[in-house]
Amino acid sequence: MNNSIENILNIAPSKIYQRGLDYYKSNKIVCIERKNNDVSAEVKGSNGEIYEVSIDFDKNENVKFYDCDCPYGGGPICKHIVAVLLKLSEDDMQYNLPLEEMLENLTKEKLIKIIVDLANKDRKIKTKLCNKFASSLDKSTNIEYEIDDIIYAYSDCDGFVSYDSCYDMFMEIDAVVSDEFSLYKDDGSLEHIKNLLIINRKTISLMDKCDDSDGGITTILCNIKESLFTACDDILHSNDEEKCIGFLSVICNEVKNKSYNYWIESKCDLLNIAVQFSKYNKSKVLEILDDFINQCEKEQKYYLSNAVLLKFKFLEMNENEKSAEEFLYRYLYVDDICEHFVKKYIDEKKYDLAENLCIDKIKNTDYPKRWKSLLSSVYEESKQFDKQLKIELDSLLNGNANSYSIVKKLMKKFDLWNKNRDDLLKKLSQKLSVYDYADILRDEKEYDKLLRLVQEHRLLIKSYFPFIATEYPEDAYKLYSDYIIYLAERSSSRKEYQSCCKEIKTLYNAGGIAEAKRLVMFLKNKYQRKPAFLDELNKLSN
């Protein structure tokens, strides 16, 4: 039988074919990739979910297998498969045109008409052309219009961008960021820095106007930050005083914008840049640093340490180390500042001062873990190992598994390990999380205890299978087989089926050959109506 694309499309019900055609024409195919005779594609469904389509061809380009992980059960072929087959059919008919040669033969008027027509049909092309070729006075306005236009295109009637639209919107905004930074690298104009800052503010303004569950805002802001820091290094090392002064002025003016009260991290990044250029206008930078400290003391206490350390850096650069330290000491009540002094006193071998700071913090905080760790460092540096053992043992019995190796080492130093080991492990079974306790049992080669723990918490077998299998292979094989069955019950796409089969290979290669074969037969029998899963299981058999 000739299973050509055309013949496969002919067996699709007319309603399914029409829907698949609509999907194809509406560019619902997110991506499509062909490797030899295997085609994989992702198609965006009506509910916004992405479905995976797989199509395999033989050497004669006949379709020998197709599958989609959508829930459609009304027939052998769904609209997503139809859309992909139509796309493949179109690709087969296309050929490479000598585009440059063709354009060279067109008149100027014809080329202008083509560009205008394309721009009128695609707002992205239009805004990019306007931004690239507009006069410098109009560029900031064009950037604002471009970003507003992108946001408007993906917003609903209430001005909100849904989760399904956020990805595409942020991809477009990110493309504008990349274009703007490329333009800066070409001509070094500060206008492009201003435009990046405009995009920065526009992106921050989206915080309460979109469902940013995937973190698109953070991604855009990080990309802008990276671009600004690169520009900062370039300008700083250019030794172009006029440009440095201009850059600093742009940054200082930007910091004052109220948008940054809603994204303090970006404000800190800008102030960090300003400090690096502070020699060009010390009073101005000092003014905005003091304003930021006052703001943090009143409204943003969480960021007070950031603000204080920025001014500390400024004073180190522009005054002297003594005045910087004196300023910093005034904020000893701030945790990050206190830690700075603890480490400073350790370096200076002023162990009593460092110890007192840590003990005071431990007494006056609900979260002493940080200060116990620092106090342990004080005792280690001052060689007070008895005190270090006491603080680390206390930390361990309060759930900090990182203290285990230190406690073991110190107990051996005082010849206490062999006597107290079993009792300590028993206590830790009640004090630590299951995962931390399992790690310790693995490291101590207590495989019998580890087996009992995994039997109580069966998903642990994924991490500890190789270790249990060395001593208790049959128990390990059965536990791992149950884990694979658990995965299979929750699998609904080819990638997930492939993941299950990969785990079966792990079981087989570890020596559980009989269990792996039994499991394959069990899964084939249980999932007879999942052709993609059966296909992957058959590959194992081959």
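Residue numbers restart at each chain and count upward from 1, following the sequence in its written direction. With pLDDT at 70 or above as the cut-off, local features in this predicted model cover only qualifying residues; side-chain atom pairs require 80 or more to be listed or tallied, and sums for whole chains, interfaces and linings still use all residues. Side-chain measures here rest on the full set of heavy atoms in the structure, leaving out hydrogens and waters.

A. Expanded view of the packing of helix H16 (residues 335–347) against helix H17 (residues 351–363). Axes, fitted as lines to C-alpha atoms, cover a helix only where it is in contact. Angles between the N-to-C directions of the axes lie from 0 to 180 degrees. Strands here are runs of E lasting at least two residues and helices are runs of H or I lasting at least four, both read from the DSSP assignment and numbered beginning at the N terminus. Interhelical geometry of H16 versus H17 gives an angle of 155 degrees and a closest axis separation of 7 Å. As summarised for this structure, H16 and H17 are arranged roughly antiparallel, according to the angle between their axes. Crossing handedness for the pair H16 and H17: left-handed. Each of Asp-335, Cys-338, Phe-341, Val-342, Tyr-345 and Ile-346 in H16 lies in contact with H17, whose residues at this interface are Tyr-351, Leu-353, Ala-354, Leu-357, Cys-358 and Lys-361. Under the scheme applied here, ten amino acids are nonpolar (Ala, Val, Leu, Ile, Met, Phe, Trp, Tyr, Cys and Pro), four are charged (Asp, Glu, Lys and Arg), and all others, including Gly, are polar. Residue classes in the contact of H16 with H17 are distributed as 10 nonpolar, no polar and 2 charged. Every angle not falling under 35 degrees, over 145, or within 65 to 115 is termed oblique; those three ranges are roughly parallel, roughly antiparallel and roughly perpendicular. Each crossing is labelled by how the near helix is turned from the far one, with a counterclockwise turn of less than a right angle marking it left-handed and a clockwise turn marking it right-handed. In this analysis, two residues are considered to be in contact whenever any of their non-hydrogen atoms come within 4.5 Å of each other.

B. Spatial organisation of the side chain of Glu-392. Structurally, Glu-392 is set in helix H19 (residues 385–397). Burial classes: relative accessible area under 20% of the type maximum marks a residue as buried, over 50% as exposed, and values in between as partly exposed (1.4 Å probe, protein chains only). Think of it this way: Lys and Arg go in the positive column, Asp and Glu in the negative one, and His and the chain ends go nowhere. Salt bridges are counted wherever a side-chain nitrogen of Lys or Arg sits within 4 Å of a carboxyl oxygen of Asp or Glu. One buried charge, Glu-392, has no salt-bridge partner; the nearest side chain with opposite charge is Lys-372, at 9.5 Å. Excluding its chain neighbours within four sequence positions, the residues that come into contact with Glu-392 are Ser-376, Ser-403, Ile-406 and Val-407.

C. Structural detail: helix H26 (residues 494–509). Between the first and last residue of a helix there are one fewer steps than residues, each counted as 1.5 Å, and that sum is the expected span. Taking 1.5 Å as the rise per residue, H26 with 16 residues should run 22 Å; its terminal C-alpha atoms sit 22 Å apart, in good agreement. For H26, the complete set of buried residues consists of Arg-494, Tyr-497, Cys-500, Cys-501, Glu-503, Ile-504 and Leu-507. Of the surrounding secondary structure, the elements contacted by the buried residues of H26 are strand S3 (50–57), strand S4 (63–68), helix H24 (461–471), helix H25 (473–489), helix H27 (513–526) and helix H28 (531–541). A positive phi of about 110 degrees marks Gly-511, the residue just after H26.

D. Highlighting the packing of aromatic side chains. In this scheme Phe, Tyr and Trp rings, the latter by its six-membered ring, pair at centre separations within 6.5 Å, and the angle between planes marks the pair as stacked below 30 degrees, edge-to-face above 60, and tilted otherwise. A full pass over the atoms with the stated rule returns 13 aromatic pairs. Between Tyr-329 and Phe-341, the ring centres sit 5.2 Å apart and the planes meet at 90 degrees, which makes this aromatic pair edge-to-face. Placement of Tyr-329 in helix H15 (residues 321–329) and of Phe-341 in helix H16 is noted, with a sequence separation of 12 residues between them. The class for Tyr-329 is partly exposed, based on a relative accessible area of 44%. Among the residues examined, Phe-341 registers a relative accessible area of 3% and is labelled buried. Ring centres of Tyr-480 and Tyr-483 lie 5.7 Å apart, and the angle between their planes is 45 degrees; this geometry places the pair in the tilted category. Residue Tyr-480 and its partner Tyr-483 are located together in helix H25, separated by 3 residues, close to a single helical turn. Among the aromatic side chains, those forming a connected cluster through ring pairs are Phe-465, Tyr-477, Tyr-480 and Tyr-483. Above the face of the Phe-385 ring, Lys-413 is positioned so that its terminal group lies 4.8 Å from the ring centre. A cation over a ring is seen here: Arg-442 above Phe-467, with NZ or CZ 5.8 Å from the ring centre. Throughout this description, the term charge over a ring refers to an Arg CZ or Lys NZ atom that lies within 6 Å of the ring centre and within 35 degrees of the ring normal.

E. A look at the pattern of salt bridges. One pass over the structure, following the stated rule, counts 36 salt bridges. Where Arg-370 meets Asp-336, a salt bridge forms, and the shortest distance between an N and an O atom there is 2.5 Å. A residue pair is termed long-range when its members are at least 10 positions apart, and Arg-370 in helix H18 (residues 369–381) and Asp-336 in helix H16 qualify at 34 residues. In this structure Asp-336 comes out as partly exposed when scored by relative accessible area, which is 34%. For Glu-444, the salt bridge identified is with Arg-421, shortest N-O distance 3.4 Å. Residue Glu-444 is located in the loop between helix H22 (434–443) and helix H23 (447–456), and its partner Arg-421 is located in helix H21 (residues 417–431); the two are separated by 23 residues in the primary sequence.

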